[in-house]
Amino acid sequence: MITDRYDHDIDQFMYFGSRLLHGELIWTNEFDDKSPILQYIFSLPAALKSTSIFVVITLIISLLASYIGYLMLRDIVRNSNLELNRKAENSIIYFGIILYLTLLVCIYGSLHHINAISSSLCLITISLAYLNRGKKNKLILNFSAIAAAISISIRPYYLLNIIIIPLWLHVRERGFITNKKEINIINKNLLYAKKQIIWISIISFYILLFNTMPYLITGQFTDFIFGIKLNSVDYINHNILLRQYINLGRNPILYPMLIGMILLPIIRIIFGNIHKIRFTKKDIQLLRLKKIDIDILFFGIINPILLEIMFYRKHFFGHYFTLFSPYITVSMVLFLALITKLDKIIYNYQIFKIIIKNIFIILLITCLITNQSIPGALSEIFDKKISSKSYKVKLVKDFINQEKLKSENVGFLAPEDNYLHWKLDESRHRFPQKAIFRNISEGKMDKVINENKNLDYKFLLPTRIKLCETLNKYSPQYIITRNNDYSFNCLIQKNSKYKLLSTKKLNKNNIFIFKSIYQ
């Protein structure tokens, strides 16, 4: 909350939030690869010139998600037929909630990134849908759908996971002693189908409402369509599983979680076998665990697979691991509940159990304290020096202010730096944000651009071969670059329409400014 050292994506979101304050919606003047709802969310942090405001918003929503998630987990554990005492129940649930918040903070990206807020909205959606089962409370249903719509709009990867929530509740809550008459089975399935259609319809309504309403009001709906069409094709091609394997090293806290989720179905099988051996059929009947079996299947297996499917269709980066947090939390609570019950049933092997328990605790603590987010955050808290980013902004601001003394009409473009633009409240002059600009320079977007040549969009989206020409032709008076980046190499060419200024203090800090020779 007190640092400007965060993933560069946030500068992109802050920039577009700042443009909304000028009345500019994404896809009208400039291209972005995120949904409009993010622009609305970041308009407040942009207005106050602080990413900390977004962290506060994320923290509030995450705490709300933790409380509602606590209510759901308490009900799941108490009605699981495991017959744990209240002290054990509370300890497990409190641990689960603390674990959830720990995952949000410690996984790469932390509360500064949009994954945490999307994850919390997803947990709110699941929890409200669960708590509203059988009650038919329309207000809670709509709150759940609103949370779902915002979560999906922020991170569309949750689409399949959220859609199947009614299926989970239908399978979970249907009576285990069912009337075998065919007509009753048909009626139950029709009722589920009706609920599923209503759920999808309400979520779709809110997604369209939140994302399209400003475009409809301002008469710019065509721009919205163009933006959606350009974003419908993914241009990043990499091996999802390989990237996940590599990025696990950046998130060591996930190692014990992964072990726990793998062991969860194994522990459930062992638990069932022990009961078959030690208890009578009557006792087994009293200890029906079909609901917990469905929960294990839903949270521990199906939902992670659905996320993987969505990642496979698009792409994956290290901070996406946060999106697994709701499912890890519920799975770990179920895991601990089963382990606690097993511990009470098995009286032998106490030394072995203590050893296993302590090894797991040591592993969790080790992964926690070696997580890169924690030492990095601590160093930032106690580092009183101005950050490199802030210092460079100050240098550029001083330069621009000096130039404004000569001419009031001073505009600049930093093609590969979003931070300067939102900090100094400067438009990117129809050029795409940093990540898109870089992808264009590497030729990654050529296919998308060539396939949509017929679209009459207002922003600049050239192919790689035309990027340097476009930079020379449409850029403002000043272009701010770094040594040897794409823009620098483009503008030092003989046919360039810009000249490099001699600014020793700026150059010393890897800031190179080109000025148009025609202005």
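Every chain is numbered on its own, with residues counted from 1 as its sequence reads. Local features in this predicted model are restricted to residues of pLDDT 70 or higher, and side-chain atom pairs are both shown and tallied only at a pLDDT of 80 or more, whereas totals for entire chains, interfaces and linings draw on every residue. The basis for the side-chain values is all heavy atoms of the structure; hydrogens and waters are excluded.

With a phi close to 55°, Lys136 is a non-glycine residue in the positive phi region. By definition, any uninterrupted DSSP run of H or I lasting at least four residues is a helix, any uninterrupted run of E lasting at least two residues is a strand, and each is numbered from the N terminus. Note on placement: Lys136 falls in the loop between α6 (114-131) and α7 (138-154). When accessible area is computed with a 1.4 Å probe and restricted to protein chains, residues below 20% of their type maximum are described as buried, those above 50% as exposed, and intermediate ones as partly exposed. Judged by its relative accessible area of 69%, Lys136 falls in the exposed class.

Pairs of aromatic rings are described using the distance from one ring centre to the other and the angle between the two planes. Only centres within 6.5 Å qualify two rings of Phe, Tyr or Trp (six-membered ring in Trp) as a pair; their planes then separate them into stacked at under 30 degrees, edge-to-face at over 60, and tilted for everything else. Overall, the coordinates contain 28 aromatic pairs when judged by the stated rule. Between the aromatic rings of Tyr15 and Phe16, the centroid separation amounts to 5.1 Å while the plane-to-plane angle is 70°, which identifies the pairing as edge-to-face. Of the residues examined, Phe16 reaches a relative accessible area of 4% and is grouped as buried. Members of the aromatic cluster, connected to one another through ring pairs, are Tyr130, Tyr158, Trp168, Phe298, Phe299 and Tyr327.

Each regular strand shows side chains that alternate between the opposite faces of the sheet. In terms of burial, strand β4 (residues 512-516) is a largely internal element, four of the five residues being buried. Here the rule is simple: two strands pair whenever DSSP picks up at least two bridges between them. As judged from the three bridges shared by strand β3 (residues 498-500) and β4, these two strands associate in the antiparallel manner. Each residue of the ladder has a partner; that of Tyr498, found in β4, is Ser516.

Let's shift gears to a nonpolar patch on the surface. Judged by side-chain polarity, Met213, Leu216, Ile217, Phe221 and Ile225 come together as a nonpolar surface patch covering roughly 450 Å² of accessible area. Of all the elements in the fold, those that place two or more residues in the nonpolar patch are α10 (182-218) and α11 (221-231). Summarising the element assignment, Met213 is placed in helix α10. By relative accessible area, which is 32% here, Met213 ends up partly exposed. The patches described consist of residues with a relative accessible area above 30% and no salt bridge, like charges being joined within 9 Å and nonpolar side chains (Val, Leu, Ile, Met, Phe, Trp, Tyr) within 5 Å. Here the open area of atoms and residues is found with the Shrake-Rupley method and a 1.4 Å probe, where only the protein chains shown may cover a residue. By convention in these notes, a salt bridge is any Lys or Arg side-chain nitrogen within 4 Å of a carboxyl oxygen on Asp or Glu.

The subject of this paragraph is the side chain of Glu416. Considering the arrangement of structural elements, one finds Glu416 in the loop between β1 (412-413) and α20 (418-423). The class for Glu416 is buried, based on a relative accessible area of 9%. Between N or O atoms, a polar contact is any pair within 3.5 Å; within protein, one atom must be a potential hydrogen donor and the other a potential acceptor, and residues adjacent in sequence are included only when both atoms are from side chains. Within the structure, the side chain of Glu416 is placed 3.4 Å from the backbone nitrogen of Tyr486, a separation counted as a polar contact. Beyond its immediate chain neighbours, meaning those up to four positions away, Glu416 contacts Arg428, Lys434, Phe437, Arg438, Arg482, Asp485, Tyr486 and Ser487. The criterion used for residue contact is that any of the two residues' heavy atoms lie within 4.5 Å.

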